Amino acid sequence: MYFELTAPDRLSMERAYWDAQIMGLDPVAIAPLTFNIGTGSIEKVTRLREKHNLKLIHESDSEPTGYRRD
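Quick caveat, the model's predicted, so the values are computed rather than measured.

**Some remarks on the sheet that holds strand β4 (residues 55-60)**
One open sheet accounts for 4 strands, arranged β2-β3-β1-β4; its pairing is antiparallel. The open sheet has two edge strands with one neighbour each: β2 (28-31) and β4. The mean angle between the axes of side-by-side strands here comes to 25 degrees, regardless of whether they run parallel or antiparallel. Along the sheet, helix α1 (residues 10-22) makes contact with β2 and β3 (34-38), crossing β3 at roughly 15 degrees. Against the sheet, helix α2 (residues 42-52) contacts β1 (2-6), β3 and β4, and its axis sits at roughly 5 degrees relative to β1.

Structure, rendered in structure tokens:
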């Protein structure tokens, strides 16, 4: 699963990013208050969202690659 999350403020972003690293989720920052996680552990992502008041922007079964069929 691929999750794109956004934080309400910078402090929440930094704490959530740190916790995600400690949990072994390998977050990737993509904007000042947004990061993504690719993981099969929905429970860890749910705990992270609840703890840091994160919003789920996007969820999919695979990471977007930018490839489009025309």
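**A few points about the packing of α1 against α2**
Between α1 and α2, whose axes approach to 10 Å, the crossing angle comes to 155 degrees. The pairing of α1 with α2 is recorded here as roughly antiparallel in orientation. Considering only the axes of α1 and α2, their crossing is right-handed. For the pair α1 and α2, the contacting residues are Ser 12, Arg 15, Ala 16, Asp 19 and Ala 20 in the first and Leu 48, Lys 51 and His 52 in the second.

**Some remarks on the nonpolar core**
Counting 12 residues, the largest nonpolar core consists of Phe 3, Leu 5, Ala 7, Met 13, Ala 16, Ala 20, Leu 25, Phe 35, Ile 37, Val 45, Leu 48 and Leu 54. Residue assignment for this core shows that the elements contributing at least two residues are β1, α1, β3 and α2. In terms of residue count, α1 provides more of this core than any other element does, 3 residues in total.

Definitions and limits used
- Residues numbered from 1 in each chain as written.
- Predicted model: local features only at pLDDT ≥ 70, side-chain atom pairs only at ≥ 80, totals over all residues.
- Heavy atoms only, no water.
- Pairing = 2+ DSSP bridges.
- Helix = DSSP H or I, 4+ residues; strand = E, 2+ residues; numbered from the N terminus.
- Axes fitted to C-alpha atoms, helices over the stretch in contact; angles between N-to-C directions.
- Contact = heavy atoms within 4.5 Å.
- Parallel < 35°, antiparallel > 145°, perpendicular 65-115°, else oblique.
- Left-handed = near helix turned anticlockwise from the far one by under 90°.
- Core = buried A, V, L, I, M, F, W, Y, C linked by side-chain atoms within 4.5 Å.
- Buried < 20%, exposed > 50% of the residue type's maximum accessible area, 1.4 Å probe, protein only.

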